[in-house]
Amino acid sequence: MKQSSGLLLYRVRDGVVEVLLGHMGGPLWARKDAGGWTIPKGEVEPGEEGLAAALREFAEELGVPAPPPDVPDLDLGTVRQRAGKLVSAWAREAELDVTTISSNTFALEWPPRSGRMQEFPELDRAGWFSLARARGLVVAGQVPLLDRLEELVGVGDGAET
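For the structure given in this document, a descriptive report is provided here. Since we're looking at a predicted model, the values are computed, not measured. (Residues numbered from 1 in each chain as written. Predicted model: local features only at pLDDT ≥ 70, side-chain atom pairs only at ≥ 80, totals over all residues. Heavy atoms only, no water.)

1. Things to note about the packing of aromatic side chains
Then, number 1: In total, this model carries two aromatic pairs according to the counting rule given.
Then, number 2: On the basis of an interplanar angle of 75 degrees and a centroid distance of 4.9 Å, the ring pair of Trp37 and Phe129 is categorised as edge-to-face. Highlighted residues: Trp37 in strand S3 (residues 37-38) and Phe129 in strand S9 (residues 123-130), separated in sequence by 92 residues.
Then, number 3: A residue is classified by how much of its surface remains accessible, and Trp37, at 4% relative accessible area, is buried.
Then, number 4: Ring geometry for Phe106 against Phe120: centres 6.0 Å apart, planes inclined by 40 degrees, an arrangement best described as tilted. With a gap of 14 residues between them, Phe106 in strand S7 (residues 105-109) and Phe120 in strand S8 (residues 117-121) connect regions that are remote in the sequence.
Then, number 5: Overall, the relative accessible area of 12% leaves Phe120 in the buried class.
Then, number 6: Sitting over the face of the ring of Trp29, Lys32 holds its NZ or CZ atom 5.3 Å from the ring centroid. (Phe/Tyr/Trp six-rings, centres within 6.5 Å; stacked < 30°, edge-to-face > 60°. Helix = DSSP H or I, 4+ residues; strand = E, 2+ residues; numbered from the N terminus. Buried < 20%, exposed > 50% of the residue type's maximum accessible area, 1.4 Å probe, protein only. Lys NZ or Arg CZ within 6 Å of the ring centre and 35° of its normal.)

2. Focus: the layout of surface pockets
Then, number 1: Roughly 740 Å³ of volume is contained in the largest pocket.
Then, number 2: Around the largest pocket sit 29 residues that line it, and Met24, Trp29, Lys41, Gln81 and Lys85 are the ones nearest its centre.
Then, number 3: Sorting the residues of the lining of the largest pocket by element identifies strand S4 (41-43), helix H1 (50-62) and S7 as the ones contributing at least two each.
Then, number 4: Residues that form the lining of the largest pocket fall into these classes: 11 nonpolar, 10 polar and eight charged. (1 Å grid on protein atoms, 1.4 Å probe; cavity = no way out; pocket = protein on both sides within 12 Å on 5 of 7 lines; lining within 4 Å. Points joined across faces, edges and corners; volume = space filled by probe spheres on them. Nonpolar A, V, L, I, M, F, W, Y, C, P; charged D, E, K, R; others polar.)

The structure is reproduced here in structure tokens:
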């Protein structure tokens, strides 16, 4: 079973927790918003520690290293996504200018059965979202990670009351 690790940046603005999500790149996700966003994450290499993999993948997928922590990262545990992949995540309170991202790429035959390989960014954009908004955008299997962050941080999710 594939094991991935990710780092979820968060910040608190006017008492509302906001998280940084990346929109999955490539033609299959181009027109999808709901369910097309993810925490920056990727596969753990053999012998690699989970948080180290999360930091490596963050830098690869966003093109910038994760901002250094002021306090220890929050362990959000592990979730199983629909396809069976296990995703472990940590949360770090930090700021990041999302206009500076530049993701690594992957090759895909596109259009299908055309014989033509094209390069696409793993993440084509990133944004800051309240937890309430993020729950409607992120891959369904990652919603429990947002719930755990809210429990640990103990401030609002940005939903209308």
